[in-house]
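Take a look at the letters that make up each chain.
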Amino acid sequence: MAKIIAIANQKGGVGKTTSAISLSSSLAHFNRRVLLLDMDPQGNSSRGVGTDVSVISRSIYDALLKGVDINKVIRKTPMKNLELIPANLKLAGTEAELNSTNGEPYFLLKNALINLKKDYDYIIIDCPPSLGLLSLNALVASHSVLIPVQCEYFAMEAVAQILATISRIQTNYNSELMIEGFLLTMYDPRTRLGTEISTQVRGLFKENTFITQIPRNISLPEASARGIPITLYRPTSSGSLAYLSLAKEVLDHET
Ligand SMILES: Nc1ncnc2c1ncn2[C@@H]1O[C@H](COP(=O)(O)OP(=O)(O)O)[C@@H](O)[C@H]1O
Ligand SMILES: [Mg+2]
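Here the structure is a predicted model, which is why all the values come from computation and not from measurement. (Residues numbered from 1 in each chain as written. Chains lettered and ligands numbered in written order. Predicted model: local features only at pLDDT ≥ 70, side-chain atom pairs only at ≥ 80, totals over all residues. Heavy atoms only, no water.)

Peer 1: A description of the site of ligand 1 should follow, citing residues and the corresponding values.
Peer 2: Taken together, 14 residues are adjacent to ligand 1, and G13, K16, T17, T18 and P215 come closest. A distance of 2.9 Å separates an oxygen atom of ligand 1 from a polar atom in the side chain of K16. Between N217 and ligand 1, the recorded distance is 2.9 Å, taken from a backbone N or O atom to a nitrogen atom. Protein contact buries 76% of the 560 Å² of open area that ligand 1 shows by itself. Counting residues per element, the ones that place at least two in the shell around ligand 1 are α1 (16-29), β8 (209-215) and α9 (219-226). Sorting elements by how many residues they give to the shell around ligand 1 places α1 first, with three residues. Broken down by class, the residue content of the shell around ligand 1 amounts to six nonpolar, six polar and two charged. (Near = heavy atom within 4 Å. Polar contact = N/O pair within 3.5 Å; in protein donor to acceptor, adjacent residues only side chain to side chain. Areas by Shrake-Rupley, 256 points an atom, 1.4 Å probe, with all protein chains shown as cover. Helix = DSSP H or I, 4+ residues; strand = E, 2+ residues; numbered from the N terminus. Nonpolar A, V, L, I, M, F, W, Y, C, P; charged D, E, K, R; others polar.)

Peer 1: Which residues make up the packing of aromatic side chains, and what are the values?
Peer 2: Within the structure shown, the criterion is met by three aromatic pairs. Measuring from ring centre to ring centre gives 4.3 Å for Y106 and Y173, while their planes differ by 15 degrees; the resulting arrangement is stacked. Placement of the pair is Y106 in the loop between α4 (95-99) and α5 (108-114) and Y173 in the loop between α7 (155-172) and β7 (178-187), with a sequence separation of 67 residues. The exposure class assigned to Y106 is buried, which follows from its relative accessible area of 19%. Take Y173: its relative accessible area is 29%, and that puts it in the partly exposed class. An angle of 70 degrees between the planes, with centres 6.1 Å apart, marks the rings of F107 and Y173 as edge-to-face. Residue F107 is found in the loop between α4 and α5, and its partner Y173 is found in the loop between α7 and β7; the two are separated by 66 residues along the sequence. We classify F107 as buried; its relative accessible area is 18%. Among the aromatic residues, those joined into a ring-pair cluster are Y106, F107 and Y173. (Phe/Tyr/Trp six-rings, centres within 6.5 Å; stacked < 30°, edge-to-face > 60°. Buried < 20%, exposed > 50% of the residue type's maximum accessible area, 1.4 Å probe, protein only.)

Peer 1: Tell me what's going on with the nonpolar core, and back it up with residues and numbers.
Peer 2: The biggest cluster of nonpolar side chains holds 54 residues, and the ones touching the most others in it are L37, I60, L109, I123 and V149. Look past the residues within four positions of L109 in its chain and what remains in contact with it is L37, M39, I60, L64, I125, N137, A138 and A141. Of all hydrophobic cores here, the second largest spans 29 residues; its members include A20, A28, A247 and L251. (Core = buried A, V, L, I, M, F, W, Y, C linked by side-chain atoms within 4.5 Å. Contact = heavy atoms within 4.5 Å.)

Structural data, given as structure tokens:
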């Protein structure tokens, strides 16, 4: 059975999408079969693996709310081991629609994923920058959550908020939900803030913080803009090497 990991933090611009794409492609690089699931209406992780979300006819929206078979929404990417369930703007403004579905609005994604026919080793979910129903659906459906923390002001406030949400989900909907780890992103050891946040996170969540820190690296936004995962675009860049090392840590959690 696939291990399902949500990449979540309600703060925007902290590296969720970049981490979702790059961790997915790194796991695929290590021969794992990976499904990248885009839950953000902005569709950036879909674009990041080469899908033009403005022209697709089916997306996660159709599987969640229109009764379309989730297997028919899966698409290929530039990597053999990596497949995609895309999202686009249709998913925006669906909170009311999600709430008014028959049954339980928190379980739509979990129930859809049960119908996946193909076996994957990992399903990586890119969450939107809010803790609304889309992110909650992702957390309910996941085995664990990876929390990117940008080494910036107010990083710790965001962490406190997401931890409160995780504990609410654990109590009410998904008692199995684990923390895969905190991931320090856009880390710059030359700035005091960078080292301060890193020290704080490691002080508070020692066991749960990945040893790997993701450096600032221009190849990462470039790869996203070209729709090619970093492991293919610039395999030896510092960004690529960091995400490969993150993937090794995630693989170590298997045992
Ligand atoms: N390690 C990095 N180095 C340089 N730029 C990065 C890095 N990680 C993310 N970015 C850029 O920062 C912006 C926000 O990152 P993104 O992954 O989209 O965050 P989120 O999904 O949390 O909003 C994007 O333009 C992205 O390309
Ligand atoms: Mg994003």
